Amino acid sequence: MDAKVVERIQASFQAQSMMCLINAEISNIDIGAVEIQAPIADSTLQQQSFAHAGLAFTLGDSAAGFSALTMLGADQEVVTSEMKIHLLRPGTGKFLIARGRVIKAGQRLVVAAADVYDNHGGQEKLMATLLGTIVPTPV
């Protein structure tokens, strides 16, 4: 993995105040794939004490978007055009892990996906899956 790409992804990640708000961290960067994790905190729960779907969506959207960014030129950034989420089970563990991946990278659109896992002491359970369209934009 090119060190400049890693630096670029990390800088873009650090520029997102939402990632700081939810205490998210990038745990892996590869070409066409980025992994982000965040704790399930009291501030990110819904009314039944499960991880809020917004937390899963935020992590999945960002993992998919950063996965797309790994495949673009240094003069480009990304924005999400649309993103669909399927919630498969409640998040009840200690933290969530989103693994984003590029399905097809084009010049004008990138189709990307992410799977979000609920982590229970090292055992992962698929919580949600996302599919969306990412648009390359000039820096």
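Scoring rules and cut-offs
- Residues numbered from 1 in each chain as written.
- Predicted model: local features only at pLDDT ≥ 70, side-chain atom pairs only at ≥ 80, totals over all residues.
- Heavy atoms only, no water.
- Pairing = 2+ DSSP bridges.
- Helix = DSSP H or I, 4+ residues; strand = E, 2+ residues; numbered from the N terminus.
- Axes fitted to C-alpha atoms, helices over the stretch in contact; angles between N-to-C directions.
- Contact = heavy atoms within 4.5 Å.
- Patch = residues over 30% accessible without salt bridge, like charges linked within 9 Å, V, L, I, M, F, W, Y side chains within 5 Å.
- Areas by Shrake-Rupley, 256 points an atom, 1.4 Å probe, with all protein chains shown as cover.
- Salt bridge = Lys/Arg side-chain N within 4 Å of Asp/Glu carboxyl O.
- Buried < 20%, exposed > 50% of the residue type's maximum accessible area, 1.4 Å probe, protein only.

A. Summary view of the pairing of strand β2 (residues 33-39). Relative to β2, strand β1 (residues 25-30) runs antiparallel, the two being bridged by five bridges. Looking across to β2, one finds that Ile26 is bridged to Ile36. Here β1 hands over to β2 after two residues, with Gly32 in that stretch at a positive phi of 75°. Of the strand pairs in this sheet, β2 and strand β4 (residues 95-105) are connected by seven bridges, and their pairing is antiparallel. Following the sheet pairing, Ala33 is matched in β4 by Arg101.

B. Geometry of the sheet that holds strand β5 (residues 110-120). One open sheet accounts for six strands, arranged β1-β2-β4-β5-β6-β3; its pairing is antiparallel. The outermost strands of the open sheet, each flanked by one partner alone, are β1 and β3 (76-87). With direction set aside, neighbouring strand axes in the sheet form an average angle of 25°. Of the pairings in the sheet, the one linking β4 to β5 comprises ten bridges and is antiparallel in character. The residue of β5 that forms the bridge with Arg101 is Ala113. Against the sheet, helix α1 (residues 3-14) touches β1, β2 and β3, its axis set at about 150° to β1.

C. Highlighting a nonpolar patch on the surface. On the surface, a cluster of nonpolar side chains totalling about 290 Å² of accessible area is made up of Met1, Ile31 and Met71. Considering the arrangement of structural elements, one finds Met1 in the segment before α1. Using a relative accessible area of 44% as the deciding quantity, one classes Met1 as partly exposed.

Note that every value here comes from positions in space, so none of it alone points to a role or purpose.
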